[in-house]
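# Structural characterization, general
Read off the chains here:
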Amino acid sequence: MPTVLVLLDAQRDMLLSPSVAAALRALLNQARNEGAPVIHLHTGREELMFGSWPGEQVVEHTADDAFLGSALTDALPSGCRIALAGVWSEEAVRTTALSALRRGYRVLLVSGAHEGYAPDAASRVEHELATAGAVIAGADAVAFD
């Protein structure tokens, strides 16, 4: 079962803390080095923060649930596990993760690689998603296979 890195709204117009931006960059580099599938979820007109490489998919979305009205379902390999990271924890990250779980995907939310508007948003969302069935783990625990 492949693990797909899904980066949610990692765009130049998003105000990321330096630590989250560094975590996203490291996670993306790891996925690229291991040849893992990468999907960039994009909204708006701003460029992707880290660009996309050939073979990486960029999926446009307009709703907090990135599955709604987008090609995300078609972009994901059947039976894959989703390693999810990006912004905003209490909105798109939370809603997309819950939607993925309802659709039967295994979801790994990468701790330290997502953030929200409120200072405690990441920890609150991690608790909620763990209760819903997601795995919460640091980037060092993500294995792309």
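Whatever comes next refers back to the structure up there.
Attention in this report is confined to the structure presented alongside it. (Residues numbered from 1 in each chain as written. Predicted model: local features only at pLDDT ≥ 70, side-chain atom pairs only at ≥ 80, totals over all residues. Heavy atoms only, no water.)

Mapped onto the secondary structure, A113 falls in strand 5 (residues 106–115). Its relative accessible area of 1% is what places A113 among the buried residues. With 90 residues separating them in the primary sequence, A113 and A23 have C-alpha atoms 5.2 Å apart. Dropping the residues within four chain positions of it, A113 is found in contact with V20, A23, L24, L27, A85 and G86. (Helix = DSSP H or I, 4+ residues; strand = E, 2+ residues; numbered from the N terminus. Buried < 20%, exposed > 50% of the residue type's maximum accessible area, 1.4 Å probe, protein only. Contact = heavy atoms within 4.5 Å.)

For helix 3 (residues 89–102), which comprises 14 residues, the first-to-last C-alpha distance of 18 Å matches the rise-based estimate of 20 Å (1.5 Å per residue) to within 8%. Those residues of helix 3 not exposed but buried are S89, A92, V93, T96, A97, L98, S99, A100 and L101. Where helix 3 is buried, its residues touch strand 1 (3–8), strand 4 (81–87), strand 5 and helix 4 (121–132). Looking one or two places after helix 3, you find G104, whose phi comes out positive at around 95 degrees. (Expected span 1.5 Å × (residues − 1).)

Right, let's talk about the environment of R94 for a bit. The topology assignment puts R94 in helix 3. Placed 22 residues apart in sequence, R94 and G116 show a C-alpha to C-alpha distance of 10.0 Å. Contact partners of R94, with chain neighbours within four places excluded, come to W88, S89, V125, E128 and L129. Side chain to side chain, R94 and E128 meet in a polar contact 2.8 Å long. (Polar contact = N/O pair within 3.5 Å; in protein donor to acceptor, adjacent residues only side chain to side chain.)

For helix 4, with 12 residues, the first-to-last C-alpha span of 16 Å sits near the 16 Å given by 1.5 Å per residue. Here helix 4 has its buried residues at A121, A122, V125, E126 and L129. One face of helix 4 carries all of its buried residues, which in axial projection span an arc of 125 degrees. Turned more than 90 degrees from where helix 4 packs its buried face, H127 and T131 sit exposed. Those residues of helix 4 that are buried lie in contact with helix 3, strand 5 and strand 6 (135–138). One or two positions beyond helix 4, positive phi appears at G133, with a value near 120 degrees. (Arc of directions from axis to C-beta.)

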